[in-house]
Structure formats: C-alpha cells, structure tokens
Amino acid sequence: MQITPIKDWGHPFNHPLIMSGPCSVESEQQVKETAQQLKDFNIDILRGGIWKPRTRPNSFEGIGSVGLKWLKEAGASIGKPVATEVANVKHVYEALRMGIDILWIGARTTVNPFAVQEICDALQGVDIPVLVKNPINPDLELWIGALERLNRSGITKLAAIHRGFSTHEKSKYRNIPRWNIPIELKRRYPDLPIICDPSHICGNRDLLREVAQTALDIGFEGLHLESHTCPDKALSDAKQQLTPEAFGHLVSSLHARISIEENPLAENQLEVLRNRIDDLDKYLLEVLSERMDVVRDIAEYKRENNLAIVQPSRWTEILESRLDTGMRKQLTDKFIKELFHAVHKESIHHQTQIMLNGEENAMIKGNGEPMNNKNK
Ligand code: PEP
Ligand code: MN
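Residues numbered from 1 in each chain as written. Chains lettered and ligands numbered in written order. Predicted model: local features only at pLDDT ≥ 70, side-chain atom pairs only at ≥ 80, totals over all residues. Heavy atoms only, no water.

Q: What am I meant to see in the sheet that holds strand 3 (residues 82-85) here?
A: Hydrogen bonds between backbone atoms are what pair the strands of a sheet, whose relative direction is either parallel or antiparallel. An order of 1-2-3-4-5-6-7-8 is seen for the eight strands of this closed barrel, with the pairing classed as parallel. With strand direction ignored, the average angle separating the axes of adjacent strands in the sheet is 25 degrees. In this sheet, strand 8 (residues 222-226) lies alongside strand 1 (residues 17-21) in parallel orientation, the contact comprising five bridges. If you follow Ile18 over to strand 8, its bridge partner there is Leu223. Strands strand 2 (45-47) and strand 3 of the sheet are contacted by helix 2 (residues 66-78), whose axis makes an angle of about 150 degrees with strand 3. (Pairing = 2+ DSSP bridges. Helix = DSSP H or I, 4+ residues; strand = E, 2+ residues; numbered from the N terminus. Axes fitted to C-alpha atoms, helices over the stretch in contact; angles between N-to-C directions. Contact = heavy atoms within 4.5 Å.)

Shown next as structure tokens:
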C-alpha cells in the first residue's frame with residue numbers, strides 16, 4: 001500500500017493525533033458548544049456522526065444531511081478539520097459537497113466489501129483522508145481488504161481505527177481490544193497509522209484511561225475519544241462519552257511515548273536487549289527441540305510395549321506442576337496453560353507419527369498383527 005504520512009495530510013496535526021467530538025451531531029447548538037468547550041484542549045480533528053448505524057430501528061438514526069453544515073461550521077469556529085462516517089455513495093457525495101475534511105468508514109461497513117467498493121468508486125480521484133475502522137468481527141484480512149480497496153482507488157491519506165471487536169464472551173469491554181490484531185496490522189504495514197478508539201472499545205467511561213494509555217504504550221499514532229456537552233443525555237453512546245472537560249483531563253494524564261526514530265540512543269540500548277532476546281529465543285527453541293527428542297523416545301517405548309499415547313493422570317500432573325513453577329516465576333496462569341497445551345499438542349503429534357510409522361513398518365515386514373489379536 002502507498003501511504004502518505006500524517007504530517008503530509010495538509011493539517012498541522014500533533015503526535016499523537018487526537019480526535020474528539022460527539023458520537024452524534026444532535027443539534028446545531030450541541031455540536032457548536034462541544035467544539036467551543038474542546039477548543040482549550042488542542043484537539044486535531046472534530047468528529048461527529050451524521051448518519052448513525054443503529055442496531056435496532058426506532059433508535060436515533062442521526063440528524064442526517066442538515067447536520068453537515070453545523071459540523072463544518074463548528075470545526076471552522078475552532079480552526080479544526082472535521083470528520084464524519086460515510087456508509088454509502090449518497091453519504092460520500094453529501095459530505096464532500098459540504099466540505100467535510102476527513103471521512104471514516106464504520107465497523108459495520110468495513111465488514112461488507114460491496115459497500116466499501118461503492119464508497120471507493122465514489123471517491124475515485126478525490127484527495128481526502130479516510131480512516132477505516134476495524135470490522136466488528138476479528139478478521140484482519142477484511143480490515144486490510146477495505147484499506148486496500150481505498151488505496152487502489154487512489155486514497156493514500158489512510159489510517160486505521162482500532163475500535164475493538166464484538167464478542168459473545170463475557171468481557172468488561174463493549175468490544176474487546178484483541179491488541180494482537182492491530183499489532184499484526186502494524187507489522188504488515190509499518191507506515192499505516194493506527195488510531196485507537198477507546199470509547200467504542202470500552203463502552204463506558206471507567207476503562208477509557210487504561211485503554212488509551214495502552215494504545216500509546218504500544219505506539220499507536222493517535223486516539224479517538226467521544227465527547228458531549230451533556231453525555232448522560234446523549235442520543236447515542238451515552239455511557240461512553242466524556243464532557244470536554246473530562247476529556248481534557250484524561251488526555252493530559254496520558255504519557256505519550258516517543259518513537260525509536262526520534263531517539264537513536266534508545267535504539268542502541270534496545271539493540272543490546274534485543275540481542276539478548278534473540279539468544280534466549282534460540283535457547284528456548286533448542287530446549288523445545290530436545291524435549292521433542294525425549295518425547296519421540298517415549299513414543300518408541302510406548303509403541304514397543306503397546307501403551308496408549310495419552311496417559312491422562314500424567315498430563316494433569318504436568319500441567320499442575322508447571323502452573324505451580326511458572327506462577328512462582330511471575331508468569332500468568334493463562335500463559336502457562338496455553339504454552340503447555342501447545343507443547344502437549346506438538347508432543348501428541350510426534351508420538352502419533354511414530355506410532356503410525358511403526359505400524360507401517362510392521363505391515364511392510366509382514367509381522368503386523370490384526371487389531372483383535374493385540375493385547376493377548
Ligand atoms: C462511531 O464512531 O460513532 C461509530 C458508530 O463507531 P463504530 O463504527 O466503531 O461502531
Ligand atoms: Mn459512538
């Protein structure tokens with residue numbers, strides 16, 4: 001993908017970039033007052049939803065096109081560019097006509113390649129930044145697909161918004177972050193900026209700071225936090241919005257991290273630590289490989305003595321003792337369980353291979369016994 005860095009988007013954005021404003025534009029007064037109250041907190045982009053994708057009908061589905069002018073004027077009154085969500089071609093044309101500066105594609109649109117492609121076709125030849133929210137389901141390829149479609153239609157001022165993933169699991173989040181997904185996106189496209197949206201991840205105000213700080217610690221390029229003059233009365237996402245004042249408070253309590261490129265000294269020290277990690281990983285793999293050698297010896301023994309591969313009591317004993325040792329070494333029980341389940345799975349794989357090969361060799365030699373003669 002060909003990506004234009006945020007500093008070349010034509011706006012004097014800060015690092016990290018901060019985007020705030022109401023979930024929905026509800027009235028001219030509401031969006032203009034929100035903008036005025038945000039003025040002191042140095043935001044980079046004023047956001048406001050005009051068309052709202054609601055789960056059930058009969059909820060507030062957005063003020064519609066009339067709100068575009070209010071949003072644009074609210075941004076102009078504080079000298080900031082404005083952004084809104086577009087979900088179809090009509091939205092794109094209306095937003096462009098009103099001079100909306102930045103568009104975003106919502107999570108419910110990113111899941112649908114037909115909808116994304118129609119938006120891309122409507123944006124052909126238009127030089128506007130587009131932010132792409134992750135799809136509601138944890139599908140990295142779908143997220144990348146939407147970004148690629150936009151890029152192929154000439155949009156290079158692109159960024160991803162990480163807003164968490166829908167889940168049926170019990171969770172303290174409205175949408176669980178699954179940090180590994182945006183981190184993998186960053187690994188594949190290091191130039192693609194990622195903005196974290198703690199508001200839609202958390203779904204409530206209590207967890208916002210923790211999630212926002214984690215995003216900065218990881219090294220994301222920006223934050224997206226919803227704000228409203230009177231959050232409890234908001235017509236959408238009331239529980240997660242902050243007053244502009246609380247927003248300012250939260251942002252000023254965060255620690256921005258600097259990137260390695262800005263601090264070459266850190267690069268050298270990190271290099272030393274990374275070399276240690278490389279050595280330790282090599283050692284880890286050697287130990288695992290040696291463990292599998294022993295596993296194969298065990299499998300040979302089991303085959304010769306006609307013993308079943310899995311001995312449940314032994315597996316329980318391994319898990320319990322490794323949990324005990326690992327936790328004393330400051331490793332989480334979730335990690336130890338996952339690690340040893342993976343090791344066990346690999347061991348079973350090696351053992352079944354040895355059993356099968358042994359059977360085959362026996363058959364070739366003609367001394368394989370039919371199953372019902374075994375254990376006599
Ligand atoms: C929003 O930003 O208000 C919104 C609807 O977000 P999402 O697409 O992430 O649910
Ligand atoms: Mn919202």
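Q: I keep staring at the coordination of the manganese ion (ligand 2) and nothing clicks. Help me out?
A: The reference angle at a metal is 109.5 degrees if four donors form a tetrahedron and 90 or 180 degrees if six donors form an octahedron. Each protein donor to the manganese ion (ligand 2) is listed here as Cys23 (SG), His200 (NE2), Glu226 (OE) and Asp237 (OD); together their distances run 2.1 to 2.4 Å. Site description for the manganese ion (ligand 2): donor spacing in sequence, C-x176-H-x25-E-x10-D. Linking Cys23 in the loop between strand 1 and helix 1 (28-38) with Glu226 in strand 8, this pair joins segments that are 203 residues apart in sequence. Take Cys23: its relative accessible area is 1%, and that puts it in the buried class. For Glu226, a relative accessible area of 0% corresponds to the buried category. (Donors = N, O, S within 2.8 Å, 3.2 Å for Na, K, Ca; no water. Buried < 20%, exposed > 50% of the residue type's maximum accessible area, 1.4 Å probe, protein only.)

Q: Mind showing me how you'd approach the site of ligand 1 here?
A: Lining the immediate surroundings of ligand 1 are Cys23, Arg47, Lys52, Glu85, Trp104, Gly106, Ala107, Arg108, Lys133, Arg163, His200 and Glu226. Arg108 is positioned such that a nitrogen or oxygen atom in its side chain is 2.8 Å from an oxygen atom of ligand 1. Between His200 and ligand 1, the recorded distance is 3.3 Å, taken from a side-chain N or O atom to an oxygen atom. Across the complex, the protein chains shield 96% of the 300 Å² of accessible surface that ligand 1 would expose by itself. Its residues assigned to classes, the shell around ligand 1 shows three nonpolar, two polar and seven charged. (Near = heavy atom within 4 Å. Polar contact = N/O pair within 3.5 Å; in protein donor to acceptor, adjacent residues only side chain to side chain. Areas by Shrake-Rupley, 256 points an atom, 1.4 Å probe, with all protein chains shown as cover. Nonpolar A, V, L, I, M, F, W, Y, C, P; charged D, E, K, R; others polar.)

Q: Help me understand the confidence of the model for the protein in this model?
A: Any residue range with low pLDDT should be treated as having predicted coordinates unsuitable for detailed reading. This prediction gives the protein a mean pLDDT of 93; 96% of its residues lie at or above 70. Counted against residues more than four places away or in other chains, residues 370-376, with its pLDDT under 50, gives four contacts. (pLDDT = per-residue confidence, 0-100.)

Q: I would appreciate a short explanation of a nonpolar patch on the surface in the present structure.
A: A cluster of nonpolar side chains, Leu280, Tyr283 and Val287, forms an exposed patch at the surface whose accessible area comes to about 310 Å². Along the chain, the position of Leu280 falls in helix 11 (residues 264-304). (Patch = residues over 30% accessible without salt bridge, like charges linked within 9 Å, V, L, I, M, F, W, Y side chains within 5 Å. Salt bridge = Lys/Arg side-chain N within 4 Å of Asp/Glu carboxyl O.)

Q: Teacher, can you tell me more about the nonpolar core here?
A: Nonpolar side chains in soluble globular proteins tend to be buried together. In terms of nonpolar packing, the biggest core is built from 64 residues, with Leu123, Val130, Trp143, Leu150, Leu158 and Leu185 touching the most fellow members. Other than its neighbours up to four places away in sequence, Leu158 contacts Met1, Ile3, Trp9, Val130, Val132, Leu147, Leu150, Asn151, Leu192 and Pro193. Counting 13 residues, the second-largest nonpolar core is a separate cluster that includes Trp9, Phe13, Trp104 and Leu131. (Core = buried A, V, L, I, M, F, W, Y, C linked by side-chain atoms within 4.5 Å.)

Q: Help me understand the packing of helix 1 against helix 2, please; the structure alone is not making it clear to me.
A: A pair of packed helices is characterised by two quantities: the angle between their axes and the separation of those axes. Helix 2 packs onto helix 1 with a crossing angle of 25 degrees between their chain directions and a minimal axis gap of 9 Å. Accordingly, the angle class assigned to the pair helix 1 and helix 2 is roughly parallel. Taken as a pair, helix 1 and helix 2 cross one another with a handedness that is right-handed. Touching Glu28, Val31, Lys32, Ala35 and Gln36 of helix 1 are Trp70, Leu71, Glu73, Ala74, Ser77 and Ile78, all from helix 2. Looking at the contact of helix 1 with helix 2, its residues break down into six nonpolar, two polar and three charged. (Parallel < 35°, antiparallel > 145°, perpendicular 65-115°, else oblique. Left-handed = near helix turned anticlockwise from the far one by under 90°.)

Q: Looking at this structure, I do not really get helix 9 (residues 208-218). What am I missing?
A: Given 3.6 residues per helical turn, the α-helix brings residues three or four places apart onto the same face. Those residues of helix 9 that fall on the buried side of the exposure criterion are Leu208, Val211, Ala212, Gln213, Ala215 and Leu216. On its buried side, helix 9 packs onto strand 7 (194-196), helix 8 (198-202), strand 8 and helix 10 (244-252). Positive backbone phi, at 110 degrees, marks Gly219, one or two positions downstream of helix 9.

Q: Is there a simple way to explain the pattern of salt bridges in this structure?
A: Two side chains carrying opposite charge are able to pair once their charged atoms lie near each other. Following the criterion strictly, the structure yields 23 salt bridges and no others. For Glu184, the salt bridge is made with Arg187, and the minimal N-O distance between the two is 2.8 Å. Within this pair, Glu184 and its partner Arg187 are both found in helix 7 (residues 180-188), separated by three residues, close to a single helical turn. Taking relative accessible area as the criterion, Glu184 reaches 23% and is therefore assigned partly exposed. Since its relative accessible area comes to 57%, Arg187 is described here as exposed. Here Arg314 and Glu317 are joined by a salt bridge, their closest N and O atoms 3.1 Å apart. Taken together, the residues span about one helical turn, with Arg314 and Glu317 both in helix 12 (residues 312-328) at a distance of three residues. When its relative accessible area of 41% is taken as the criterion, Arg314 is described as partly exposed.

Q: Is there a simple way to explain the side chain of Asn134 in this structure?
A: Looking at where Asn134 falls in the secondary structure, it is placed in the loop between strand 5 (130-133) and helix 6 (140-152). Engagement of the side chain of Asn134 in a polar contact is seen with the backbone nitrogen of Arg163, the distance being 2.7 Å. For Asn134, the side chain forms a polar contact with the main-chain oxygen of Gly164, separated by 2.9 Å. The contact partners of Asn134, leaving out residues within four places of it in the chain, are Ala107, Thr110, Trp143, Ile161, His162, Arg163, Gly164 and Phe165.

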